[in-house]
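Observations on the model geometry
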Amino acid sequence: DVKVTQSSRYLVKRTGEKVFLECVQDMDHENMFWYRQDPGLGLRLIYFSYDVKMKEKGDIPEGYSVSREKKERFSLILESASTNQTSMYLCASSYRVDTEAFFGQGTRLTVV
Amino acid sequence: GESVGLHLPTLSVQEGDNSIINCAYSNSASDYFIWYKQESGKGPQFIIDIRSNMDKRQGQRVTVLLNKTVKHLSLQIAATQPGDSAVYFCAEKGWRNYKLTFGKGTLLTVNP
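This write-up is about the structure you can find in this document. Keep in mind it's a predicted model, so treat the numbers as computed, not measured.

1. Thoughts on empty space enclosed by the protein
- Considering all chains together, one arrives at 1 cavity of 30 Å³ or more under this definition.
- Lining of the largest cavity is provided by Asn-31, Phe-33, Ser-94, Arg-96, Val-97, Thr-99 and Ala-101 of chain A together with Lys-93, Tyr-98 and Leu-100 of chain B.
- Grouping the constituent residues of the lining of the largest cavity by class yields 5 nonpolar, 3 polar and 2 charged.

2. Section: the pattern of salt bridges
Residues and elements named next belong to chain A.
- Within the structure shown, the criterion is met by 10 salt bridges over all chains.
- Measuring nitrogen to oxygen at the nearest pair gives 2.8 Å for the salt bridge that ties Arg-36 to Asp-38. The pair Arg-36 / Asp-38 is uniform in exposure class, with both members buried.
- Arg-44 is the salt-bridge partner of Asp-38, the closest N and O atoms lying 2.9 Å from each other.
- Judged by its relative accessible area of 11%, Asp-38 falls in the buried class.

3. Examining the interface of chain B and chain A
- Facing 23 residues of chain B, the contacting portion of chain A comprises 23 residues.
- Across the chain B to chain A interface the summed buried area is about 1900 Å²; carbon plus sulfur atoms make up 60%.
- Among the residues chain B hides against chain A, the three largest losses belong to Tyr-98, Lys-99 and Phe-102 of chain B. Together they make up 30% of the total.
- Applying the counting criterion to the chain B and chain A interface returns 1 salt bridge.
- The closest approach of N and O atoms between Asp-59 of chain A and Lys-99 of chain B, which form a salt bridge, is 2.6 Å.
- At the junction of chain B with chain A, the criterion picks out 5 residue pairs in polar contact (both at pLDDT 80 or more).
- When contributions to the side of chain B that touches chain A are tallied by element, the ones reaching two or more residues are β3 (30-38), β4 (45-51) and β8 (86-94) of chain B.
- Considering every element that reaches the side of chain B that touches chain A, the biggest residue donor is β3 of chain B, with 4 residues.

4. Digging into the nonpolar core
- Trp-34, Ile-46, Leu-76, Leu-78 and Tyr-89 of chain A are the most contacted members of the largest nonpolar core, which totals 20 residues.
- Elements represented by at least two residues in this core include exactly β3 (19-25), β4 (31-38), β5 (42-51), β7 (64-70), β8 (73-78), β9 (87-94) and β11 (107-111) of chain A.
- With 19 residues, the next largest nonpolar core counts Ile-21, Ile-48, Ile-50 and Leu-75 of chain B among its residues.

5. Topic: the sheet that holds β7 of chain A
Residue and element names in this part refer to chain A.
- Read from one edge of the open sheet, 4 strands run β1-β3-β8-β7, paired in antiparallel fashion. Across the chains shown, the open sheet's two edge strands, defined by having one partner strand only, are β1 (4-6) and β7. On average, adjacent strands in this sheet sit at an angle of 20° to one another, irrespective of strand direction.
- As paired elements, β1 and β3 share 3 bridges and run antiparallel to each other. Each residue of the ladder has a partner; that of Thr-5, found in β3, is Val-24.

6. Things to note about the state of the cysteines
- Using the criterion set out here, one finds 2 disulfides over all chains in the structure.
- Residue pairing for Cys-23 of chain A: its cysteine sulfur links by disulfide to Cys-91 of chain A, the two sulfurs lying 1.9 Å apart. In this structure the cystine formed by Cys-23 of chain A and Cys-91 of chain A twists about its S-S bond by roughly -75°; its chirality is therefore left-handed. Within this pair, whereas Cys-23 of chain A is found in strand β3, its partner Cys-91 of chain A is found in strand β9, the two being separated by 68 residues in sequence. Each member of the pair, Cys-23 of chain A as well as Cys-91 of chain A, carries the same accessibility label: buried.
- Disulfide partner of Cys-23 of chain B: Cys-90 of chain B, at an S-S distance of 1.7 Å. In this pair, Cys-23 of chain B is assigned in strand β2 (residues 19-24) and Cys-90 of chain B in strand β8, connecting sequence segments 67 residues apart.

7. As for the sheet that holds strand β5 (residues 56-58) of chain B
Residues and elements named next belong to chain B.
- The strand order across the open sheet formed by 4 strands is β2-β7-β6-β5, and the pairing between neighbours is antiparallel. Of all the strands in the sheet, just β2 and β5 have a single pairing partner and so form its edges. Ignoring which end each strand starts from, the neighbouring axes of this sheet average 15° apart.
- Summarising the sheet, β5 and strand β6 (residues 62-67) pair through 3 bridges and their orientation is antiparallel. Bridge assignment links Arg-57 to a residue of β6, and that residue is Val-64.

Cut-off values and rules
- Residues numbered from 1 in each chain as written.
- Chains lettered and ligands numbered in written order.
- Predicted model: local features only at pLDDT ≥ 70, side-chain atom pairs only at ≥ 80, totals over all residues.
- Heavy atoms only, no water.
- 1 Å grid on protein atoms, 1.4 Å probe; cavity = no way out; pocket = protein on both sides within 12 Å on 5 of 7 lines; lining within 4 Å.
- Points joined across faces, edges and corners; volume = space filled by probe spheres on them.
- Nonpolar A, V, L, I, M, F, W, Y, C, P; charged D, E, K, R; others polar.
- Salt bridge = Lys/Arg side-chain N within 4 Å of Asp/Glu carboxyl O.
- Buried < 20%, exposed > 50% of the residue type's maximum accessible area, 1.4 Å probe, protein only.
- Contact = heavy atoms within 4.5 Å.
- Buried area = accessible area lost by both parts, 1.4 Å probe.
- Polar contact = N/O pair within 3.5 Å; in protein donor to acceptor, adjacent residues only side chain to side chain.
- Helix = DSSP H or I, 4+ residues; strand = E, 2+ residues; numbered from the N terminus.
- Core = buried A, V, L, I, M, F, W, Y, C linked by side-chain atoms within 4.5 Å.
- Pairing = 2+ DSSP bridges.
- Axes fitted to C-alpha atoms, helices over the stretch in contact; angles between N-to-C directions.
- Disulfide = S-S within 2.5 Å.

Pasting the structure below:
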């Protein structure tokens, strides 16, 4: 089975902190994604990566950056956390562009 | 379906009944569609997918129907069980497009 592992289930950070969310997949997938999920807004794509060191902005990249130094690992970085970044963050990976994405369990981030 | 504010569309069924969850999509260029199930506190879980060259696909207790003419997707769950209670999302993607666009979700509640 594909496994997508997010490093934390719950995080509480202070406003202005730099926050790292880590995601690892074990199936040698080319593509990796970061989404945030908010009530009433569904899942929105922040960034995605289709290869090592390659990244593309999604719908809501502002305030975020990403890093993909190794194929299996995709990190989401909040440069200076703000309260409006309190959300559920979901990492996903897919084998090809035309195959399903597999999701991690999510990280619930609270910024205070 | 569309959500209003923070409220998801809801579907309540009796255990053993069949469930039908609907989804309207907007992009006529979309060629790949997925249904996900999300239980409380977990990441979305892949259920079934369908490509635009098909109008029906069946899995174990689930069937997805695609009507490209009216841009409508449905998920049918046979003999619904309490474990089927969750939020169900449809997602669509265009050809060679990495980005999955998610619907807002439908909350399915199965009454024993």
